[in-house]
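Notes for the structure review
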Amino acid sequence: MTISRQADLLSVNRSSVYRQPPKEKTITEEDLFIMRRIDELHTDHPTWGYRTITKVIRRDDNMQVNRKKIQRLMREMGVYTIYPKPNLSKRYHAQYIRPYLLRNLDILPS
């Protein structure tokens, strides 16, 4: 009997029959060490991104780590680099702009 027929008989969506539940990932000791190291580096230097953190971990801890792994762990930890965001030099809102009231007036010297 086909899977689609079985799903019809059980009144179950066919897509749920094929789908496997996601496996829970276990965190290794190496990943925990790297995460602790990322936390230390980010606390000391919050402006460093994943590239600099990867270089420092490779250099100081003599570990072969990929930049993608550091990037993924930072994302999972919720660690984000602090840097100037775009458009900081633009005016915040129009409510702070005051009109120039003397613009179209003829001012005569007295």
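Please refer to the structure higher up on the page.
1. Focus on the pattern of salt bridges
- A full pass over the atoms with the stated rule returns six salt bridges.
- Taking the shortest distance from any N to any O, the salt bridge between Asp-60 and Arg-59 comes out at 3.0 Å.
- Note that Glu-76 and Arg-72 form a salt bridge whose closest N and O atoms lie 3.3 Å from each other. Of this pair, Glu-76 and Arg-72 both sit in helix α5 (residues 67–77), four residues apart, which is roughly one turn of that helix.
- Because the salt bridges share partners, they merge into one network encompassing Arg-37, Glu-40, Arg-59, Asp-60 and Asp-61.

2. What to know about α5
- By the burial criterion, the buried members of α5 are Ile-70, Leu-73 and Met-74. Summarising the axial view, the buried residues of α5 lie within an arc of 100°, below the 170-degree limit, and thus occupy one face. Those residues of α5 that are exposed and angled more than 90 degrees off the buried face are Lys-68, Arg-75 and Glu-76.
- On its buried face, α5 sits against α3 (29–44) and α4 (50–61).
- Gly-78 sits one or two positions beyond α5 and adopts a positive phi of about 80°.

3. A few points about a positive patch on the surface
- Together, Arg-51, Lys-55, Arg-67 and Lys-68 make up a region of like positive charge exposed at the surface.
- At the level of secondary structure, the elements contributing two or more residues to the positive patch comprise α4 and α5.
- The residue Lys-55 is located in helix α4 in this model.
- Judged by its relative accessible area of 60%, Lys-55 falls in the exposed class.

What counts and how
Residues numbered from 1 in each chain as written. Predicted model: local features only at pLDDT ≥ 70, side-chain atom pairs only at ≥ 80, totals over all residues. Heavy atoms only, no water. Salt bridge = Lys/Arg side-chain N within 4 Å of Asp/Glu carboxyl O. Helix = DSSP H or I, 4+ residues; strand = E, 2+ residues; numbered from the N terminus. Buried < 20%, exposed > 50% of the residue type's maximum accessible area, 1.4 Å probe, protein only. Arc of directions from axis to C-beta. Contact = heavy atoms within 4.5 Å. Patch = residues over 30% accessible without salt bridge, like charges linked within 9 Å, V, L, I, M, F, W, Y side chains within 5 Å. Areas by Shrake-Rupley, 256 points an atom, 1.4 Å probe, with all protein chains shown as cover. Lys, Arg positive; Asp, Glu negative; His and termini not counted. Charge placed at Lys NZ, Arg CZ, Asp CG, Glu CD.

Geometric values such as these leave the question of function open.
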